[in-house]
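# A look at the structure
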Amino acid sequence: KSLGDRKLAILSNGSTAMLSALVKNSGLDVYLDATISVDGARKFKPHPDCYALVEKALGVKKDEVIFVSSNGFDVVGAKRFGFKVVWIRRGGGPGVPVDPVLPAQMYRLLRGHAESLGYLQDYTVSALTDLPDCL
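Now for a quick tour of the structure. Fair warning: this is a prediction, and the values are worked out from it, not measured in the lab.

Procedures and definitions
- Residues numbered from 1 in each chain as written.
- Predicted model: local features only at pLDDT ≥ 70, side-chain atom pairs only at ≥ 80, totals over all residues.
- Heavy atoms only, no water.
- Buried < 20%, exposed > 50% of the residue type's maximum accessible area, 1.4 Å probe, protein only.
- Helix = DSSP H or I, 4+ residues; strand = E, 2+ residues; numbered from the N terminus.
- Pairing = 2+ DSSP bridges.
- Patch = residues over 30% accessible without salt bridge, like charges linked within 9 Å, V, L, I, M, F, W, Y side chains within 5 Å.
- Areas by Shrake-Rupley, 256 points an atom, 1.4 Å probe, with all protein chains shown as cover.
- Salt bridge = Lys/Arg side-chain N within 4 Å of Asp/Glu carboxyl O.

Our focus in this paragraph is the pairing of strand β4 (residues 84-88). Taking burial as the measure, the five residues of β4 include four buried ones, the bulk of the element. Sheet topology note: the strand β3 (residues 66-69)/β4 ladder contains four bridges and is parallel. Across the sheet, Ser69 pairs through a bridge with Trp87, a residue of β4. Pairing analysis gives three bridges linking β4 to strand β5 (residues 123-125), with the strands arranged parallel. Residue pairing in the sheet places Trp87 in a bridge with Thr124 of β5.

Structural data, given as structure tokens:
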């Protein structure tokens, strides 16, 4: 399966210059319709103005967007804004804490609990290759 003729973009808290270099050097530039930096909003995600940049850059309405992220804050922000959201649950979720909880484990625990913020994703996948099943 493929994503068909859908527009593809990256929305990142990274700077325009950093994103341009990254996308070009990775070869992703040939697949993307837009690389969008929050520089245009002068705020950082999860502020709603950042997600509004997607509508403007791609010429779409928010209810036409399927937003994909593995970051809980981004899932919540995009869902609250009005996008359909796919959460990529990497590594099978946060796991069971051990004593003591180390900083890296704390990050994984927090990242995996977006549901406690009141906005749930529409779909959960384990890898980008699962995205066509969400369409």
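Now for unusual backbone geometry. For the peptide bond that leads from Lys45 to Pro46, omega is 20 degrees, which places it in the cis range. Mapped onto the secondary structure, Pro46 falls in the loop between β2 (34-37) and α2 (48-58). The phi torsion at Arg42 lies on the positive side, around 60 degrees, for a residue other than glycine. If you trace the backbone, Arg42 turns up in the loop between β2 and α2.

Turning our eyes to something else, we now look at a nonpolar patch on the surface. A contiguous nonpolar surface patch, about 340 Å² in accessible area, is contributed by Leu28, Val30 and Tyr31. Tracing the sequence through the fold places Leu28 in the loop between α1 (16-26) and β2. Note on Leu28: relative accessible area 37%, which makes it partly exposed.

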